[in-house]
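# Results of the structural survey
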Amino acid sequence: MPAQKLVRTTIPAGSLSARRRGFAGRPQLYFGNSDAMRAPRFICALLLLTLLTRACGADAQTHAGAAESTARYRLGVSVDEVSLTFHAADAQGLPINDIKLDELSLLDKGLPPKRILAFESLLDFPIRAGILLDTSESMEPYLARNRGISIAYAQQLLRQQTDQAFVMDFSFLAEITQPWTGSANALTAGIHKFAAHGESRIGGTAIFNAVYQACLNQFDKIDHAASGNFILLFSDGEDNASHAYLQQAVSICQRANTAIYAFRPEAKYSFSSGPKTLAELTSETGGRVFFSDDADATIFDDLRIIEADMRNQYLLVYKPAEFRHDSSFHRIELRAPARVDSITIRSGYYAPAH
């Protein structure tokens, strides 16, 4: 086997749980035929018996159908399978798209997987992006800059034929100013829209709430295995109003197979917790942190890095050697051949509870 090295791993793997939907209803009987009510008594009795027999049969079929559907669901979805995506690049930052499975070494909680179920290279993947703009008081001096970066992404890198994005602004509360669309003009309008009401918001910043809502209400509603999904987060990382915790925000992003890429200004104070918060959000979900006050050319290079990460990925599906429904965190390590300089991947995943 070729020489391998341990590259930066930033995995929980994709969602290990599925949403169950649907219901089974009982057939309802009702009698509205007045002629039948005037028929001889034995005819009415016979008619009633026939209807009840059919109802019971229909009810049995309904329950049988529901049981069969449940059985098919349970056979088709395995909660002990882990699905993860990652991006590999060379020393120049260019995508490497020809890695073979036997060149990789994967550890889940320190153990190799029980079985690899699938491995494939995903090229020129469509993108689903959420643009999240922090409009709290501390970010007011940076709003124009962040708006410009967001518009540059929407107008220059988003492919209107295949990609979609939405815009959310947040401070204490979060609001969608532009739902999913592939239109650069619509996204630009949504990015400008927050300026009209941002100052009227209640004081405080709830970053974790906004990220949680974006993943739960937006990314978790789409087929997140069919696209490269990421949040473009503009914030200083200072959260003082969230009801959700950082781990909850990370976990829902992992479930929705969504990475977080953050742009932040240089921290004014050394004791600020913001940089650490953004570092954890991005590394745990497979993203990165950039500086929003860099030169324009550097900013555009950063956006191109995100583009490359999302469009050129590998999908790896496996069964862990040890898997329990205990909500425990499974840290993952991935070793790659020496020609791979870096891998962008999530740090692990939380096993589902019973």
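Look up: the structure comes first, before these words.
### Comments concerning empty space enclosed by the protein
If you add up the space inside the largest cavity, you get close to 160 Å³. Thr-85, Asn-257, Ala-259, Met-310 and Gln-313 are the residues nearest the centre of the largest cavity, which is lined by 19 residues in total. When residues of the lining of the largest cavity are traced back to their parent elements, those giving at least two are β2 (82-89), β8 (228-234), β9 (258-264), α8 (296-311) and β13 (342-345). For the lining of the largest cavity, the per-class residue count stands at six nonpolar, eleven polar and two charged.

### So, the environment of Ile-305
If you trace the backbone, Ile-305 turns up in helix α8. Residues Ile-305 and Arg-288 lie 17 residues apart in sequence; the distance between their C-alpha atoms is 9.7 Å. Excluding anything up to four places from it in sequence, Ile-305 contacts Arg-288 and Phe-290.

### Here we look at the sheet that holds strand β4 (residues 115-122)
Sheets are built from strands paired through backbone hydrogen bonds, the pairs being either parallel or antiparallel. Strand order across the open sheet formed by four strands is β4-β11-β2-β13, with antiparallel pairing between neighbours. Here the strands that pair on one side only, and so sit at the sheet edges, are β4 and β13. Strand-to-strand twist across the sheet, computed as the mean angle between neighbouring axes with direction ignored, equals 25°. Two elements, β2 and β13, share four bridges in a ladder whose sense is antiparallel. For Ala-88, the partnering residue across the bridge sits in β13 and is Ile-343. Its contacts with the sheet put α8 on β2, β4, β11 (313-319) and β13, and the angle it makes with β11 is roughly 45°.

### Comments concerning the pairing of strand β12 (residues 329-337)
Relative to β12, strand β3 (residues 105-108) is paired through four bridges, and the arrangement is antiparallel. Bridge pairing in β12 links Asp-108 to Ile-332. The pairing of β12 with strand β14 (residues 348-350) spans three bridges and is classified as antiparallel. Note that in β14 the partner of Phe-329 across the bridge is Tyr-350.

### Description of the sheet that holds strand β6 (residues 164-170)
A sheet is described by the order of its strands in space; here six strands give the open sequence β7-β6-β5-β8-β9-β10, paired in mixed fashion. Two strands bound the open sheet, and with one partner strand each, they are β7 (174-181) and β10 (289-291). Taking each pair of neighbouring strands and ignoring which way they run, the sheet shows an average axis angle of 15°. With seven bridges connecting them, strand β5 (residues 127-134) and β6 associate as parallel partners. Bridge pairing in β6 links Gly-130 to Phe-166. Of the strands in this sheet, β5, β8 and β9 touch helix α3 (residues 143-156), which is tilted by about 170° from β5. Contacting β5, β8, β9 and β10, α8 runs over the sheet at an angle of about 175° to β9.

### Details of α3
Since the α-helix advances by 3.6 residues per turn, residues separated by three or four positions end up pointing in the same direction. The terminal C-alpha atoms of α3, which comprises 14 residues, lie 20 Å apart, in line with the 20 Å expected from a rise of 1.5 Å per residue. Close packing links the buried residues of α3 with β5, α4 (184-193), β8, β9 and α8.

### Topic: the pattern of salt bridges
Pairing between side chains becomes possible if they bear opposite charge and their charged atoms approach one another. On inspection of all chains with the given rule, the structure shows twelve salt bridges. As a salt-bridge pair, Asp-80 and Lys-319 come within 2.9 Å of each other at their nearest N and O atoms. Residue Asp-80 is located in the loop between α2 (41-76) and β2, and its partner Lys-319 is located in strand β11; the two are separated by 239 residues in the primary sequence. Overall, the relative accessible area of 13% leaves Lys-319 in the buried class.

### Observations concerning unusual backbone geometry
At Asp-124, a residue that is not glycine, the phi angle is positive and equals roughly 55°. Positive phi outside glycine occurs at Ser-327, with the angle close to 65°. Mapping Ser-327 onto the fold places it in the loop between β11 and β12. Given a relative accessible area of 40%, Ser-327 falls into the partly exposed group.

What counts, and where the lines are drawn
- Residues numbered from 1 in each chain as written.
- Predicted model: local features only at pLDDT ≥ 70, side-chain atom pairs only at ≥ 80, totals over all residues.
- Heavy atoms only, no water.
- 1 Å grid on protein atoms, 1.4 Å probe; cavity = no way out; pocket = protein on both sides within 12 Å on 5 of 7 lines; lining within 4 Å.
- Points joined across faces, edges and corners; volume = space filled by probe spheres on them.
- Helix = DSSP H or I, 4+ residues; strand = E, 2+ residues; numbered from the N terminus.
- Nonpolar A, V, L, I, M, F, W, Y, C, P; charged D, E, K, R; others polar.
- Contact = heavy atoms within 4.5 Å.
- Pairing = 2+ DSSP bridges.
- Axes fitted to C-alpha atoms, helices over the stretch in contact; angles between N-to-C directions.
- Expected span 1.5 Å × (residues − 1).
- Salt bridge = Lys/Arg side-chain N within 4 Å of Asp/Glu carboxyl O.
- Buried < 20%, exposed > 50% of the residue type's maximum accessible area, 1.4 Å probe, protein only.

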